[in-house]
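Residues per chain are reported as follows:
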Amino acid sequence: GAGVSQSPSNKVTEKGKDVELRCDPISGHTALYWYRQSLGQGLEFLIYFQGNSAPDKSGLPSDRFSAERTGGSVSTLTIQRTQQEDSAVYLCASSFGQGYGYTFGSGTRLTVV
Amino acid sequence: KQEVTQIPAALSVPEGENLVLNCSFTDSAIYNLQWFRQDPGKGLTSLLLIQSSQREQTSGRLNASLDKSSGRSTLYIAASQPGDSATYLCAAVYGGFKTIFGAGTRLFVKA
């Protein structure tokens, strides 16, 4: 596609429920990143994928968070047993690789009530 | 520790004024540095990307400079307009795709 697509754009869920956030990167981009931005805060790195290499999961805040990238393209970020502190905007970005700039999606605004 | 600091945190200027946003990074071994714009409730829009071997990049009324040795980058906005009102973030990219984002400068341009 022309840009990075994220869905849903907004998600309201009850505390304790699981949620899945989807990211469609730009075709041909080998690198894919997930970030989290809480209200008024900067970007918090969560995870990145590069080609077929093992993902860098060092930013995932707890074992309730997981992500996968199927076929080197679409990625899904899953949050299990959501908590109110998980409320944030989840941003996905993709890139051709090192030395190239990032392109971000519009984000998914997650609200846990 | 690799950190990126942006100064000022917020800035309000009258329309037409030229302005400079500052970004400093503690580890000068960057691969490249990227400036983004973020509108309220939106994702990030890339403005300029400067490779570590470059000194500056220009796009329209925007000019970004990079001084690796001093760990600094500046974003110059000429003839500011109300539509430039947004949060501007810089990001220092290191090897292994490690990227550190600044907290941003919130810009308000008054008509």
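Caption draft 1: Broad picture of the packing of aromatic side chains. Applying the stated criterion across every chain yields a total of 12 aromatic pairs over all chains. Centre to centre, the rings of Y35 of chain A and F101 of chain B are 5.1 Å apart; their planes meet at 80 degrees, and the pair counts as edge-to-face. Taken together, the residues Y35 of chain A in strand β4 (residues 31–37) and F101 of chain B in strand β10 (residues 99–101) connect one chain to another. Assigned by exposure class, Y35 of chain A and F101 of chain B land together as buried.

Caption draft 2: Expanded view of the pairing of strand β11 (residues 105–110) of chain B. Residue and element names in this part refer to chain B. Residue alternation in β11 divides its side chains into a buried set, T105, L107 and V109, and an unburied set, R106, F108 and K110. Bridge analysis of strand β2 (residues 10–14) against β11 gives 5 bridges, and the strand direction is parallel. Each residue of the ladder has a partner; that of S12, found in β11, is F108.

Caption draft 3: Layout of the pairing of strand β5 (residues 44–51) of chain B. Residues and elements named next belong to chain B. Strand direction decides the pairing type here: strand β4 (residues 32–38) and β5, joined by 7 bridges, are antiparallel. Residue pairing across strands places N32 opposite Q51, the latter belonging to β5. Hairpin connection of β4 to β5: 5 residues between the antiparallel strands, including G41 at a positive phi of 75 degrees.

Caption draft 4: The arrangement of the state of the cysteines in detail. Residues and elements named next belong to chain B. The full count for this structure, using the stated rule, is 2 disulfides over all chains. There is a disulfide in this structure between C23 and C90, and the S-S distance comes to 2.0 Å. Here the disulfide of C23 and C90 is right-handed, its torsion about the S-S bond being about 80 degrees. Within this pair, whereas C23 is found in strand β3 (residues 19–25), its partner C90 is found in strand β9 (residues 86–93), the two being separated by 67 residues in sequence. Overall, C90 belongs to the buried group, its relative accessible area being 0%.

Caption draft 5: Up close: the sheet that holds strand β1 (residues 4–7) of chain B. All names here are of chain B. Pairing is antiparallel in the open sheet, where 5 strands are placed in the order β1-β3-β8-β7-β6. At either end of the open sheet lies a strand with only one pairing partner, and these are β1 and β6 (56–59). Each strand of the sheet is rotated relative to its neighbour by a mean of 15 degrees, with strand direction disregarded. When strand β7 (residues 62–67) meets strand β8 (residues 72–77), the two strands line up antiparallel, connected through 6 bridges. Following the sheet pairing, S65 is matched in β8 by T74.

Caption draft 6: Focus on the interface of chain A and chain B. If you look at the interface, chain A gives 18 residues, while chain B gives 20 residues. A buried area of about 1500 Å², summed over both sides, lies between chain A and chain B, and 57% of it is on carbon and sulfur atoms. In this structure, the connection of chain A to chain B is made through 0 salt bridges. The tally of links between chain A and chain B comes to 3 residue pairs in polar contact (both at pLDDT 80 or more). In terms of residue count, the dominant contributor to the side of chain A that touches chain B is β4 of chain A (4 residues). Looking at side-chain class alone, the side of chain A that touches chain B contains 9 nonpolar, 8 polar and 1 charged residues.

Caption draft 7: Molecular detail of the environment of G97 of chain A. Tracing the backbone through its elements, the reader meets G97 of chain A in the loop between β8 (88–95) and β9 (103–104). Residue class for G97 of chain A comes out buried when judged on its relative accessible area of 7%. Through-space distance from the C-alpha of G97 of chain A to that of H29 of chain A is 7.2 Å; in sequence the pair is 68 residues apart. The contacts of G97 of chain A, once residues within four sequence positions are left out, are T30 of chain A together with F97 of chain B.

Caption draft 8: Examining unusual backbone geometry more closely. Cis rather than trans, the peptide bond between S7 of chain A and P8 of chain A has omega equal to -10 degrees. Of note, P8 of chain A is situated in the loop between β1 (5–7) and β2 (10–13). Between I7 of chain B and the following residue, P8 of chain B, the backbone shows a cis peptide bond with an omega angle of 0 degrees. Here the phi dihedral of A79 of chain B falls at roughly 50 degrees; this positive angle occurs in a residue that is not glycine. Along the polypeptide, A79 of chain B turns up in the loop between β8 and β9.

Caption draft 9: Looking closely at the confidence of the model for chain B. Of the residues in chain B, 99% reach a pLDDT of 70 or more, and the chain-wide mean stands at 94. By mean pLDDT, the top-scoring element of chain B is β8 of chain B (98), and the lowest-scoring one is β10 of chain B (90).

How each quantity is defined
- Residues numbered from 1 in each chain as written.
- Chains lettered and ligands numbered in written order.
- Predicted model: local features only at pLDDT ≥ 70, side-chain atom pairs only at ≥ 80, totals over all residues.
- Heavy atoms only, no water.
- Phe/Tyr/Trp six-rings, centres within 6.5 Å; stacked < 30°, edge-to-face > 60°.
- Helix = DSSP H or I, 4+ residues; strand = E, 2+ residues; numbered from the N terminus.
- Buried < 20%, exposed > 50% of the residue type's maximum accessible area, 1.4 Å probe, protein only.
- Pairing = 2+ DSSP bridges.
- Disulfide = S-S within 2.5 Å.
- Axes fitted to C-alpha atoms, helices over the stretch in contact; angles between N-to-C directions.
- Contact = heavy atoms within 4.5 Å.
- Buried area = accessible area lost by both parts, 1.4 Å probe.
- Salt bridge = Lys/Arg side-chain N within 4 Å of Asp/Glu carboxyl O.
- Polar contact = N/O pair within 3.5 Å; in protein donor to acceptor, adjacent residues only side chain to side chain.
- Nonpolar A, V, L, I, M, F, W, Y, C, P; charged D, E, K, R; others polar.
- pLDDT = per-residue confidence, 0-100.

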